[in-house]
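Next come the chains, spelled out residue by residue.
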Amino acid sequence: MTGPDATMKTILPMLAGASDEQMMWRVKMAGDSEAFARLVARWEKPLVNLCTRLTGDADRARDLVQVVFTRVFSGRGGWEPRSRFSTFVWRIAINLCHDETRRKNRLRECSLEDLTGEFATELADGQSASPDLEADARERGELVRRALMQLAEPYREVLVLRHYEGMKFAEIAAVLGIPEGTAKSRMAEGLTQLNRRLKHLTEELSCNRKNQTPELRVL
Amino acid sequence: MQSKEPNAGTAGVMKHPSPEEWMSFLYDETTPERKTQLRAHLEKCPECARQVEGWRGAQTDLDRWVIPAVRGSARRGVIGRVGWAAAAALFIMTAFLTGRLTSPTRGELSELKRTVAALANSARDNGNSSNAVYMARLAATEETLRLFSDFAALQAQERQTEREEIEATLANFDTRLGRMRSELETVAVNTYNGFEQTHRNLTRLASYSAPRPGNARENN
């Protein structure tokens, strides 16, 4: 047996149980494209989620994730085996999201979702599928997204990594290059500010609704 | 709220755990013993209880923002596994080719395309993909091929520019070396002429000062 078939059938079983670090080692030393493809399969969804939470834009997040993988591959020479692959890839993704946020702020981009307040959120688990509850859930989710986007980056990063990605504070500290205590204090301050901003956005929304005429509300 | 010891105050002043410690508590990163102590503090301290309740409310709110599932499409969306494997293989081969002094020839690029096509065919023959998924991967592979062909062409152009700059610098060195050689030769010639003149002068001087044999007898 020769050719790509032989390669895939020999190497695939070996890669099935390999850790991220083992696969990245193969990518670094041998340019192993199959190992790289497996890393992509493992990390695609978590990275899309992270980038969506940090940028507030799911479509743009998918573009950014492709850039993340391109940088992982082109920067494979700089990866140190003693460091965790997760730290390596999170750092690349977070830096890209920083750049994206700064680019948006410079251009003062305003997406259609921002204008209409309609962001494609799904129902949280266990919620009813009735239209009113569905709309209410989406609206609440959108408020949370907007409040999170209003937080300063240092707080938003820690909130996303701890609450949504489930990373421990020690790991967050390693990724962001800060002390663990600082990660925790940013988390506390971030949650406090989130409460404040959500309260403000909710009041703003109900104020806007009161000012709308019945005809406009129907629209 | 600075102390690490709850309810350890003196003279009736309660010491409160820090916000950092409450974060460890809320996200289950504290020891069971410490957790028990913190719970006990919450029961006795309305201020901390209010603060922690606020943070718990924020956690619940964060859960309300749910990300929709990744939507794939043939045009947008993340490239499939075969596409990434093919892209990585093409990237490596392109990087190897552009590391050489000569730019990749059409023959080499055709060879790369054949290799990627072989990878794509192999994945198809495995029979694991539906037609739609296969078409999506093929589209992604072709797009990737186009992107890396452009990349290879750009690299070749940059190499050509670098080569021209190096040649110009070398030509400059040649000119300067030629000039230096000429100047050194001039110095050498002048020095040789100087030595010759000095030798003639010394010879003449020696002929003036040497006594003639006839003069010496006449003087006696």
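Conventions adopted
Residues numbered from 1 in each chain as written. Chains lettered and ligands numbered in written order. Predicted model: local features only at pLDDT ≥ 70, side-chain atom pairs only at ≥ 80, totals over all residues. Heavy atoms only, no water. Phe/Tyr/Trp six-rings, centres within 6.5 Å; stacked < 30°, edge-to-face > 60°. Helix = DSSP H or I, 4+ residues; strand = E, 2+ residues; numbered from the N terminus. Buried < 20%, exposed > 50% of the residue type's maximum accessible area, 1.4 Å probe, protein only. Contact = heavy atoms within 4.5 Å. pLDDT = per-residue confidence, 0-100.

Side note on the packing of aromatic side chains
Residue and element names in this part refer to chain A. For the structure shown, the criterion picks out 7 aromatic pairs over all chains. With 5.4 Å between their ring centres and 80 degrees between their planes, Trp-43 and Trp-90 make a pair best called edge-to-face. Placement of the pair is Trp-43 in helix α3 (residues 33–55) and Trp-90 in helix α5 (residues 85–107), with a sequence separation of 47 residues. Given the relative accessible area of 4%, Trp-90 is considered buried. On the numbers, 6.2 Å between centres and 55 degrees between planes, the contact of Phe-85 with Phe-88 is tilted. Taken together, the residues Phe-85 and Phe-88, both in helix α5 and 3 residues apart, mark about one turn of the helix. Looking at Phe-85, the relative accessible area reads 1%, which means it is buried.

Comments concerning the side chain of Thr-30 of chain B
Residue and element names in this part refer to chain B. With respect to the helices and strands, the residue Thr-30 is situated in the loop between α1 (19–26) and α2 (32–44). By relative accessible area, which is 19% here, Thr-30 ends up buried. Look past the residues within four positions of Thr-30 in its chain and what remains in contact with it is Ser-24, Phe-25 and Lys-35.

Quick word on the confidence of the model for chain A
Residue and element names in this part refer to chain A. With 79% of its residues at a pLDDT of at least 70, chain A reaches an overall mean of 82. At the low end of the mean pLDDT range in chain A sits helix α6 (residues 112–116), at 46; at the high end sits helix α8 (residues 153–164), at 96. The low-confidence segment residues 111–128, where pLDDT is below 50, has 32 contacts with residues more than four positions distant or belonging to other chains.

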